[in-house]
Amino acid sequence: MSDENQNTFAFDDNFDDLLEHLPALTSEEQRAQAAYKEHLWALVMVTERRLTNAGYEQPEAYKLSTMIIAEIAHYQGGRSQYLPRGDKLRQELRDIHMFRLWHDKSWPVDKIHKGYCPELNQIQVYKILRTKRREYLAKIQPKLI
């Protein structure tokens with residue numbers, strides 16, 4: 001990468017500044033493809049395809065996909081972490097959705113149970129919500145000791 005290209009990304013770890021300048025940096029797909037590592041470029045392409053299939057116009061889908069992947073890379077970058085697939089992924093996303101309905105929208109447990117997971121009993125739903133609540137609190141409120 002040339003000195004000019006390296007300076008384009010020098011934001012003193014100010015991530016908001018990076019995101020503000022990202023659309024200008026990624027307007028040329030070939031330039032972006034050359035700059036991203038292979039796996040990062042693949043993630044941008046997959047995200048762009050999903051957004052295009054969801055009805056976004058191609059230039060907007062590409063811009064959003066680069067912003068989404070930049071946000072994920074900023075949060076998860078530099079770490080090797082497991083991401084589930086298949087049934088485990090669907091189950092985890094279902095559990096997160098159930099927690100958000102309960103926590104953010106104040107849905108009662110029986111409504112969540114009937115609407116999103118009738119295959120579970122209410123005790124299982126309560127356990128899932130309790131687990132997700134613990135995970136949520138651990139993220140927003142670190143342990144003091």
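The sections below set out a description of the structure shown in this document.

Basis of the calculations
Residues numbered from 1 in each chain as written. Predicted model: local features only at pLDDT ≥ 70, side-chain atom pairs only at ≥ 80, totals over all residues. Heavy atoms only, no water. Salt bridge = Lys/Arg side-chain N within 4 Å of Asp/Glu carboxyl O. Helix = DSSP H or I, 4+ residues; strand = E, 2+ residues; numbered from the N terminus. Buried < 20%, exposed > 50% of the residue type's maximum accessible area, 1.4 Å probe, protein only. Phe/Tyr/Trp six-rings, centres within 6.5 Å; stacked < 30°, edge-to-face > 60°.

**Quick word on the pattern of salt bridges**
Consideration 1: This structure, assessed with the given rule, holds 6 salt bridges.
Consideration 2: D87 is the salt-bridge partner of R90, the closest N and O atoms lying 2.8 Å from each other. One end of the pair, R90, and the other, D87, are both in helix 6 (residues 86-105), 3 residues apart, so they sit about a helical turn from each other.
Consideration 3: The exposure class of R90 is exposed, given its relative accessible area of 55%.
Consideration 4: Here D95 and R94 are joined by a salt bridge, their closest N and O atoms 2.8 Å apart.
Consideration 5: It is possible to trace a salt-bridge network through shared partners that takes in E92, K132 and E135.

**A few points about the packing of aromatic side chains**
Consideration 1: Evaluation of the coordinates by the stated rule reveals 4 aromatic pairs.
Consideration 2: With a centroid separation of 6.3 Å and an interplanar angle of 65 degrees, the aromatic rings of W41 and Y62 are classed as edge-to-face. Within this pair, whereas W41 is found in helix 4 (residues 38-53), its partner Y62 is found in helix 5 (residues 58-76), the two being separated by 21 residues in sequence. Each member of the pair W41 and Y62 is classed as buried.
Consideration 3: With a centroid separation of 5.5 Å and an interplanar angle of 45 degrees, the aromatic rings of F99 and Y136 are classed as tilted.

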